[in-house]
Amino acid sequence: MRPATDPQALRVQQALGPGFSVVAFDQSTHTAQEAADAIGCALAQIAKSIIFRSQSGKAVLVIASGVNKVDEKKIRALLGEKVERASPDFVKEMTGYEVGGVPPLGHARPCTVFLDEDLKAYPTLWAAGGTATAVFEIGFTRLAEVSGATVADVAKR
């Protein structure tokens, strides 16, 4: 683990501000499991960013625990319209980041954000830092603040 120097990771570092460190690994952190393996934390501590496209064409970010699958019906109920998984091109256009490195903040365009309430159980979380090898550590309350998220039950049970 070393300080991240990639321009995308530095954008995330700037959005986070002082007190946080975006770090990079030599191995991939593209998937939640890869990130947990690289960091040495529980899969459930990974705050994965999943972008959906709403029926009206807006980006919806769901920050979910690494062990959870997102229940699209719950997202539809929270949002008031249908959603579908976004294409990689839509993700890049709306966030400015590639799939596998999408951070929970600092996106190119504003989006609606929901934060998995299951992440409350962990004092330390890890989220993508702008690339498929960069991450940062953060607490649940601070993640909710910096992402502008609404905390909700989003997990498929």
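Criteria and cut-off values
- Residues numbered from 1 in each chain as written.
- Predicted model: local features only at pLDDT ≥ 70, side-chain atom pairs only at ≥ 80, totals over all residues.
- Heavy atoms only, no water.
- Buried < 20%, exposed > 50% of the residue type's maximum accessible area, 1.4 Å probe, protein only.
- Helix = DSSP H or I, 4+ residues; strand = E, 2+ residues; numbered from the N terminus.
- Pairing = 2+ DSSP bridges.
- Salt bridge = Lys/Arg side-chain N within 4 Å of Asp/Glu carboxyl O.

Colleague: Just to check I follow, could you spell out the pairing of strand S3 (residues 46-54) for this structure?
Modeller: Two faces, one strand: in a regular strand the side chains alternate between the faces of the sheet. Among the 9 residues of S3, 7 are classified as buried, and the element is accordingly described as predominantly covered. Note: S3 against strand S7 (residues 125-128), 2 bridges, orientation parallel. Bridging across to S7, Ile 46 finds its partner in Trp 126. Across 7 bridges, S3 lies against strand S4 (residues 59-65) in antiparallel orientation.

Colleague: Would you explain the pattern of salt bridges in this entry?
Modeller: Charged atoms that come close allow side chains of opposite charge to pair. Under the counting rule described, the total for this entry stands at 7 salt bridges. Among the ionic pairs, Arg 109 bridges to Glu 93, the shortest N-O distance being 3.3 Å. Placement of Arg 109 in the loop between helix H4 (88-95) and strand S6 (112-116) and of Glu 93 in helix H4 is noted, with a sequence separation of 16 residues between them. The partly exposed category is assigned to Glu 93, whose relative accessible area is 45%.

Colleague: Is there a simple way to think about the pairing of S4 in this case?
Modeller: Among the 7 residues in S4, 7 count as buried, and that is most of the element. Connecting S3 to the next strand, S4, in antiparallel fashion are 4 residues, including Gly 57 with a positive phi near 90°. Across 4 bridges, S4 lies against S6 in parallel orientation. Within the sheet, the bridge partner assigned to Leu 61 lies in S6 and is Val 113.

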